[in-house]
Amino acid sequence: MLKKENPHHCWISRMSSSEGEQVPEERKDGAQVQDNRPFTLVHKTIKKTVNGVTSVKQVTEKVFMDGTREKVKDQEFGDMKEKMRKEMEEECRFEKLKDGSKTNGDLEQEGRKNTGKGSSSDVGTKSAGSKEKQANSGSDSSSDEDKESESNEDDKFAKKSLEEHNKFRRKHGVPPLTLNKEMCMYSQEWAEYLIAENRFQHRTDHKYGENIFTSWSSRPKKPDPKVPVQSWYDEIKKYQFGSEPQSSGTGHFTQVVWKESSELGVGVASKDGRVIVVANYNPPGNFMGKFSRNVPAPL
């Protein structure tokens with residue numbers, strides 16, 4: 001009887017880029033000026049087990065277009081996120097002013113004008129109260145609509161992710177996955193937890209197979225379902241078919257095409273330019289001793 005092992009994973013995330021075309025220059029005193037070249041920000045969570053002792057190390061790097069790499073310190077990464085947050089707040093303020101939205105100062109001035117009209121201030125107060133109730137009612141309705149819209153977007157993301165999974169599974173001649181709503185809720189719950197806590201890790205008590213993906217961009221945009229699945233499948237380049245894996249660098253790929261997996265759950269969450277995608281698989285894949293018959297080579 002085969003001993004059941006924990007699913008085999010490689011925790012690698014990518015990818016986001018920043019705008020800019022400048023190449024760093026040298027000052028007369030020989031010091032380098034600020035490097036504004038475009039780059040991809042890569043987060044890696046590396047898990048190693050040596051002599052039964054498991055260690056986890058997190059590394060963040062800038063990968064430039066010419067292939068050079070530069071490690072990012074925790075403080076620098078925090079500064080990047082803070083700068084992006086301020087830029088987003090500034091853009092929001094600009095949009096409100098452009099749309100004619102009133103600031104707190106505008107409302108205070110209007111209040112002083114109404115008070116200066118004597119008896120009309122009572123009418124103004126009642127009217128303001130009535131408007132406030134209407135605004136609150138409208139706000140509740142708007143909030144419900146926003147939640148429904150987000151739910152619809154998540155559903156579309158999950159369906160598109162399913163299509164991408166099955167596209168790659170067809171290449172290997174394995175049965176397609178089907179989307180499981182309960183599993184999607186399970187995946188969504190974990191994605192929202194990770195984005196809220198600013199973490200990137202697998203569930204410690206997971207009952208399904210699991211792939212996770214993260215990206216960060218200074219120019220936030222709608223998450224693309226193709227990107228995570230493609231990044232997981234790209235690990236095929238390092239996989240040796242017909243044998244058990246000797247390293248943890250192909251676990252995402254093998255789970256995507258694992259023959260015995262039949263159901264898929266997908267969750268996505270985003271905040272401050274960061275995106276988290278969680279995919280769960282049932283039955284789970286990546287069991288030692290079963291790779292040869294569950295991960296066939298492309299047809």
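Scroll up a little and you will see the structure.
Residues numbered from 1 in each chain as written. Predicted model: local features only at pLDDT ≥ 70, side-chain atom pairs only at ≥ 80, totals over all residues. Heavy atoms only, no water.

Trainee: An account of the sheet that holds strand β5 (residues 178-179) is requested, with residue identities and associated values reported.
Mentor: Overall, mixed pairing links the 4 strands, which are arranged β5-β7-β8-β6 in an open sheet. Across the chains shown, the open sheet's two edge strands, defined by having one partner strand only, are β5 and β6 (209-216). With 8 bridges connecting them, β6 and strand β8 (residues 274-282) associate as antiparallel partners. Within β8, the position partnered with S215 by the bridge is V275. Across the sheet, helix α4 (residues 181-197) lies against β5, β6, β7 (263-271) and β8, angled at about 30° from β7, the strand it touches most. Contacts from helix α5 (residues 226-233) reach β6 and β8 within the one sheet, and its direction differs from that of β6 by about 115°. (Pairing = 2+ DSSP bridges. Helix = DSSP H or I, 4+ residues; strand = E, 2+ residues; numbered from the N terminus. Contact = heavy atoms within 4.5 Å. Axes fitted to C-alpha atoms, helices over the stretch in contact; angles between N-to-C directions.)

Trainee: So, the pattern of salt bridges: which residues are in play, and what are the values?
Mentor: Evaluation of the coordinates by the stated rule reveals 4 salt bridges. Among the ionic pairs, E163 bridges to K160, the shortest N-O distance being 3.4 Å. One end of the pair is E163 and the other is K160, both in helix α3 (residues 120-171) and 3 residues apart, which spans about a single turn. For E189, the salt bridge identified is with R203, shortest N-O distance 3.4 Å. (Salt bridge = Lys/Arg side-chain N within 4 Å of Asp/Glu carboxyl O.)

Trainee: Break down the pairing of β8 for me, with residues and values.
Mentor: β8 sits mainly inside the fold: 8 of its 9 residues count as buried. Count of turn residues in the β7/β8 antiparallel hairpin: 2 residues, of which D272 carries a positive phi of about 50°. (Buried < 20%, exposed > 50% of the residue type's maximum accessible area, 1.4 Å probe, protein only.)

Trainee: Go over the nonpolar core with me, naming the residues and quoting the values.
Mentor: The nonpolar side chains of a soluble globular protein tend to be buried, and buried together. W232, F253, L264, V277, Y281 and V295 are the most contacted members of the largest nonpolar core, which has 25 residues in total. Those elements that provide at least two residues to this core are α3, α5, α6 (251-257), β7 and β8. Counting residues in each nonpolar core, the second largest holds 9 residues, with W190, A191, I276 and V278 among its members. (Core = buried A, V, L, I, M, F, W, Y, C linked by side-chain atoms within 4.5 Å.)

Trainee: Pulling in residues and values, what's your account of the pairing of β7?
Mentor: Pairing analysis gives 2 bridges linking β5 to β7, with the strands arranged parallel. Opposite L179, over in β7, you have L264 as the bridge partner. Bridge count between β7 and β8: 9 bridges; the pairing is antiparallel. Bridging from a neighbouring strand, G265 pairs with N280 of β8.

Trainee: Let's hear about the packing of aromatic side chains: which residues, and what values?
Mentor: Aromatic ring pairs are described here by two measures, namely the spacing of the ring centres and the angle between the planes. Per the stated rule, a full pass over the model turns up 8 aromatic pairs. A ring pair is formed by F168 and Y233, whose centres lie 4.1 Å apart and whose planes are at 10°; its orientation type is stacked. In this pair, F168 is assigned in helix α3 and Y233 in helix α5, connecting sequence segments 65 residues apart. In this pair, the class of F168 matches that of Y233, namely buried. Where W258 meets F291, the ring centres are 5.1 Å apart and the plane angle is 85°; that geometry is what we call edge-to-face. Here W258 is found in the loop between α6 and β7, whereas its partner F291 is found in helix α7 (residues 291-294), with 33 residues between them in sequence. Taken together, F168, Y233, Y239, F241 and F253 form an aromatic cluster joined through their ring pairs. One residue, R203, lies across the ring of Y186, its end atom 3.8 Å from the ring centre. Here the guanidinium or amino end of K290 rests over the ring plane of F287, the centre of that ring lying 5.6 Å away. (Phe/Tyr/Trp six-rings, centres within 6.5 Å; stacked < 30°, edge-to-face > 60°. Lys NZ or Arg CZ within 6 Å of the ring centre and 35° of its normal.)

Purely geometric numbers; function is a separate question.
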